[in-house]
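# Summary of structural features
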Amino acid sequence: QVHLVESGGGLVQPGGSLSLSCTASGINFRLNAMGWFRQAPGKQRVLVAHIGAGGISTYADSLKGRFTISRDNAKNTVYLQMNSLKPEDTAVYYCTASTSDRIVVTGTSDYWGQGTQVTVSS
């Protein structure tokens, strides 16, 4: 069975930081590209960041400079460091996995975590 489990969400004030984690099981983690998506109320799920099996990362243009994706293959974990958070970052954040970079970045993988809520508010 494939399981992706996100953690680290919560309530943070504007300008604050938060780090999310997603731990995978049931896959060969080293062969998988990983991604983070988010879905705000009333909006579609959109790509936040992606990191390939080789460690090369990509980001949504609007998030470059504030968010950083990384991975630790020894821990089967992908991270999302979020800085300078804004109210518009409020969403449920999901991780996803696939051996295909294209499948990850297009949001068409069969494998998703349950999501973790991030709320940015004073």
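This text follows the structure it describes.
The paragraphs below set out a description of the structure included in this document. (Residues numbered from 1 in each chain as written. Predicted model: local features only at pLDDT ≥ 70, side-chain atom pairs only at ≥ 80, totals over all residues. Heavy atoms only, no water.)

### Some points on the nonpolar core
The tendency in soluble globular proteins is for nonpolar side chains to be buried as a group. Formed by 28 residues in total, the largest nonpolar core has its most connected members in Leu-20, Trp-36, Val-48, Phe-67, Leu-80, Met-82 and Tyr-93. Among the elements of the structure, β3 (18-25), β4 (33-39), β5 (46-51), β7 (67-72), β8 (77-82), β9 (91-98) and β11 (116-120) are those that each provide at least two residues to this core. (Core = buried A, V, L, I, M, F, W, Y, C linked by side-chain atoms within 4.5 Å. Buried < 20%, exposed > 50% of the residue type's maximum accessible area, 1.4 Å probe, protein only. Helix = DSSP H or I, 4+ residues; strand = E, 2+ residues; numbered from the N terminus.)

### A short note on the state of the cysteines
This model, assessed by the stated rule, comprises 1 disulfide. In this model Cys-22 forms its disulfide with Cys-95; the gap between the sulfur atoms is 1.9 Å. Every disulfide takes its handedness from the sign of the S-S torsion; for Cys-22 and Cys-95 that torsion is 50 degrees, giving right-handed. Taken as a pair, Cys-22 in strand β3 and Cys-95 in strand β9 lie far apart in primary sequence, 73 residues in all. Of the two residues, Cys-22 and Cys-95, both sit in the buried class. (Disulfide = S-S within 2.5 Å.)

### So, the pairing of β7
Of the two faces of β7, only the one carrying Phe-67, Ile-69 and Arg-71 is buried; Thr-68, Ser-70 and Asp-72 on the other face are not. As paired elements, β7 and β8 share 6 bridges and run antiparallel to each other. When the bridges of β8 are listed, Thr-68 appears paired with Gln-81. Linking β7 back to β8 in an antiparallel pair, the connection comprises 4 residues, with Asn-76 at a positive phi of about 50 degrees. (Pairing = 2+ DSSP bridges.)

### Quick word on the pairing of β4
Within β4, 6 of the 7 residues are buried, leaving the element largely enclosed by the surrounding structure. Bridge analysis of β4 against β9 gives 7 bridges, and the strand direction is antiparallel. From the neighbouring strand, Trp-36 faces β9, where its bridge partner is Cys-95. Note: β4 against β5, 5 bridges, orientation antiparallel. Bridge pairing in β5 places Trp-36 opposite Ala-49. Joining the antiparallel neighbours β4 and β5 is a turn of 6 residues, in which Gly-42 adopts a positive phi near 75 degrees.

### Points about the layout of surface pockets
Approximately 190 Å³ is the volume attributed to the largest pocket. Lining the largest pocket are 13 residues, with Arg-38, Ala-40, Lys-43, Val-46 and Glu-88 positioned closest to its centre. (1 Å grid on protein atoms, 1.4 Å probe; cavity = no way out; pocket = protein on both sides within 12 Å on 5 of 7 lines; lining within 4 Å. Points joined across faces, edges and corners; volume = space filled by probe spheres on them.)

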